[in-house]
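A structural walkthrough
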Amino acid sequence: MDNIPAILQLGHPLLRQRAEAVDDVLSDSTQQLIETLQVALANSQGVGLAAPQMGIAKRLVIVASRPTTRYPYAPLMLPTVMVNPSFAPVSEQQEKDWEGCLSIPGIRALVPRYTDIAIRYTDSNGQTIDQTLSGFVARVFQHEVDHLDGFVYLDRVLDNHDIVAESEFLKICGLAA
Ligand code: NI
């Protein structure tokens, strides 16, 4: 697939819309969308991507936690397509950790998220999947679902002092060359 559209950047109105449910996972248009997201994510240093970031206001995300130059400490997880994803916290416990976003280059922030969540989604074959996630992968999932509701991670930041330039983030995390 050659013509992958650019990832939309913060300020584009589509990133602020609520996306629509996918009603036919097996349709050509949905399968095409899945392929577009898979290629775009593989070409990035991201660990997740939501369809609205590719200009399609549908409830479909990919979570692909893996160590990258952007997230060297990320656990390895096979790229997982999640259609119509939802979640409920397993406990009220939240923790702050660093997030970034391919739609908001150059900055990072500490964002509070639930540490343990029960999730439900439809996979790329149309099967309903129930599972629990914790830690970093749970964080990525919550970040991506926010994209489907028109939110970005900066909306969740509690204190502006928790927002830093990526170059400073690398120093804070001991990753600067
Ligand atoms: Ni994002």
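Described in the following lines is the structure provided in the data block. (Residues numbered from 1 in each chain as written. Predicted model: local features only at pLDDT ≥ 70, side-chain atom pairs only at ≥ 80, totals over all residues. Heavy atoms only, no water.)

Observations concerning the environment of P72
Along the polypeptide, P72 turns up in the loop between β2 (60-63) and β3 (80-89). The exposure class assigned to P72 is partly exposed, which follows from its relative accessible area of 35%. Each C-alpha atom of the pair P72 and L102 lies 16 Å from the other, and the pair is 30 residues apart in sequence. Those residues within four positions of P72 in sequence are excluded, and the remaining contacts are P67 and L175. (Helix = DSSP H or I, 4+ residues; strand = E, 2+ residues; numbered from the N terminus. Buried < 20%, exposed > 50% of the residue type's maximum accessible area, 1.4 Å probe, protein only. Contact = heavy atoms within 4.5 Å.)

Points about the nonpolar core
If you look at the biggest cluster of nonpolar residues, it comprises 20 residues, and the most contacted ones within it are V63, M82, I119, L133 and F141. Within the residue set of this core, elements represented by two or more residues are β2, β6 (116-122) and α2 (135-148). Counting residues per element, this core draws most heavily on α2, at 7 residues. Core analysis: the second largest hydrophobic core is formed by 17 residues, V22, L33, L37 and A51 among them. (Core = buried A, V, L, I, M, F, W, Y, C linked by side-chain atoms within 4.5 Å.)

Notes on the pairing of β3
As defined by bridge partners, β2 adjoins β3 across 4 bridges and the pair is classed as antiparallel. By the bridge assignment for β3, V63 is matched with T80. Sheet topology note: the β3/β6 ladder contains 5 bridges and is antiparallel. Bridge pairing in β6 places S86 opposite R120. (Pairing = 2+ DSSP bridges.)

What to know about empty space enclosed by the protein
Within the structure shown, the criterion is met by 1 cavity of 30 Å³ or more. Quantified by volume, the largest cavity comes out at close to 140 Å³. Those elements giving two or more residues to the lining of the largest cavity turn out to be β4 (94-101) and α2. Classifying every residue of the lining of the largest cavity by side-chain character gives 7 nonpolar, 5 polar and 4 charged. (1 Å grid on protein atoms, 1.4 Å probe; cavity = no way out; pocket = protein on both sides within 12 Å on 5 of 7 lines; lining within 4 Å. Points joined across faces, edges and corners; volume = space filled by probe spheres on them. Nonpolar A, V, L, I, M, F, W, Y, C, P; charged D, E, K, R; others polar.)

Remarks on the pattern of salt bridges
In the structure shown here, the tally under the stated rule is 12 salt bridges. Residue K96 pairs with D162 through a salt bridge whose shortest N-O separation is 2.8 Å. Separated by 66 residues along the polypeptide, K96 in strand β4 and D162 in the loop between α2 and β8 (163-165) bring together distant segments of the chain. As a salt-bridge pair, D146 and R113 come within 2.9 Å of each other at their nearest N and O atoms. Pair noted here: D146 is in helix α2 and R113 is in strand β5 (residues 104-114), with a separation of 33 residues, a long-range link. R113 matches D146 in its accessibility class, with the two residues each being buried. Taken together, the shared-partner salt bridges connect E99, R113, R139, D146 and R156 into one network. (Salt bridge = Lys/Arg side-chain N within 4 Å of Asp/Glu carboxyl O.)

Interpretation note: all reported values are geometric properties and have no functional meaning in isolation.
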